Amino acid sequence: MTETPVIHREVPPIPASEMVKAFIGDLARPFAIISTSFAASWATIVIAAKVENGNDGAIFAGAYFLGVGTLYLGKAVEAINSARARRDVDVAQVNAGNPTT
């Protein structure tokens, strides 16, 4: 039985600044979406208590849904573009003859 040589690759240590950047980057978008949604829901409660007719509430609801809808639409477009980029990389790797699985 022949043994296949194993190539050990050294993984350089990750600097603390890179770890902090990655941590902040991973939390930034979810925090922004959650805080924006919380602020909008709080504003909905406050506006509902202060409006005197339906027109004020309708204007606020329209602005609220437009803002939140824009956030989620942006996230959806980003997910589509990310998936498209991953697909292009996979196609290029298959065409080059070295798929990584």
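Residues numbered from 1 in each chain as written. Predicted model: local features only at pLDDT ≥ 70, side-chain atom pairs only at ≥ 80, totals over all residues. Heavy atoms only, no water.

Visitor: Could you clarify how one ought to interpret the overall build of the chain in this entry?
Guide: Secondary structure summary: the chain contains two helices and zero strands in total. Across the 101 residues that make up the chain, the buried fraction comes to 3%. Taken as a whole, the chain presents about 8900 Å² of accessible surface, with 67% of it coming from carbon and sulfur. (Helix = DSSP H or I, 4+ residues; strand = E, 2+ residues; numbered from the N terminus. Buried < 20%, exposed > 50% of the residue type's maximum accessible area, 1.4 Å probe, protein only. Areas by Shrake-Rupley, 256 points an atom, 1.4 Å probe, with all protein chains shown as cover.)

Visitor: Explain the packing of aromatic side chains to me, please; I cannot follow it from the model alone.
Guide: Aromatic rings considered in pairs are described by the distance between their centres and by the relative angle of their planes. Scanning all chains against the criterion turns up two aromatic pairs. On the numbers, 6.3 Å between centres and 15° between planes, the contact of Phe60 with Tyr64 is stacked. With Phe60 and Tyr64 both in helix H2 (residues 54–96) and four residues apart, this pair spans about one turn of that helix. Note on Phe60: relative accessible area 22%, which makes it partly exposed. Exposure remark for Tyr64: the relative accessible area of 22% places this residue in the partly exposed category. An aromatic cluster of at least three residues, connected via ring pairs, comprises Phe60, Tyr64 and Phe65. (Phe/Tyr/Trp six-rings, centres within 6.5 Å; stacked < 30°, edge-to-face > 60°.)

Visitor: Hey, could you run me through a nonpolar patch on the surface in this one?
Guide: Judged by side-chain polarity, Val20, Phe23, Ile24 and Leu27 come together as a nonpolar surface patch covering roughly 400 Å² of accessible area. Assignment of secondary structure puts Phe23 in helix H1 (residues 16–50). According to the relative accessible area criterion, Phe23 is exposed, its value standing at 55%. (Patch = residues over 30% accessible without salt bridge, like charges linked within 9 Å, V, L, I, M, F, W, Y side chains within 5 Å. Salt bridge = Lys/Arg side-chain N within 4 Å of Asp/Glu carboxyl O.)

Visitor: How should H1 be read in this particular structure?
Guide: Because each turn of an α-helix spans 3.6 residues, side chains separated by three or four positions end up pointing in the same direction. With 35 residues, H1 extends 49 Å between its outermost C-alpha atoms, agreeing within 8% with the 51 Å of an ideal straight helix rising 1.5 Å per residue. Remark: the principal bend of H1, roughly 30°, maps to Ala28, with a proline, Pro30, within the next four residues. (Expected span 1.5 Å × (residues − 1). Bend = angle between axes of the 7 residues up to and from the residue.)

Visitor: Can you help me understand the packing of H1 against H2 in this one?
Guide: Two quantities define a packed helix pair, namely the angle between the axes and the distance from one axis to the other. Between H1 and H2, the least distance of the axes is 10 Å, while the angle of their chain directions is 165°. By the criterion of interaxial angle, the relationship of H1 to H2 is roughly antiparallel. Between H1 and H2 lies a crossing of left-handed hand. Contact residues: H1 offers Arg29, Ile33, Thr36, Ser37, Ala40, Ser41, Ala43, Thr44 and Ile47, while H2 offers Phe60, Tyr64, Leu71, Tyr72, Lys75 and Glu78. (Axes fitted to C-alpha atoms, helices over the stretch in contact; angles between N-to-C directions. Parallel < 35°, antiparallel > 145°, perpendicular 65-115°, else oblique. Left-handed = near helix turned anticlockwise from the far one by under 90°. Contact = heavy atoms within 4.5 Å.)

Visitor: Please clarify how H2 should be interpreted in this entry.
Guide: Given a rise of 1.5 Å per residue, 43 residues ought to cover 63 Å, and the 62 Å separating the end C-alpha atoms of H2 matches this to within 8%. Two residues or fewer past H2, Gly97 is found with a positive phi of approximately 90°.

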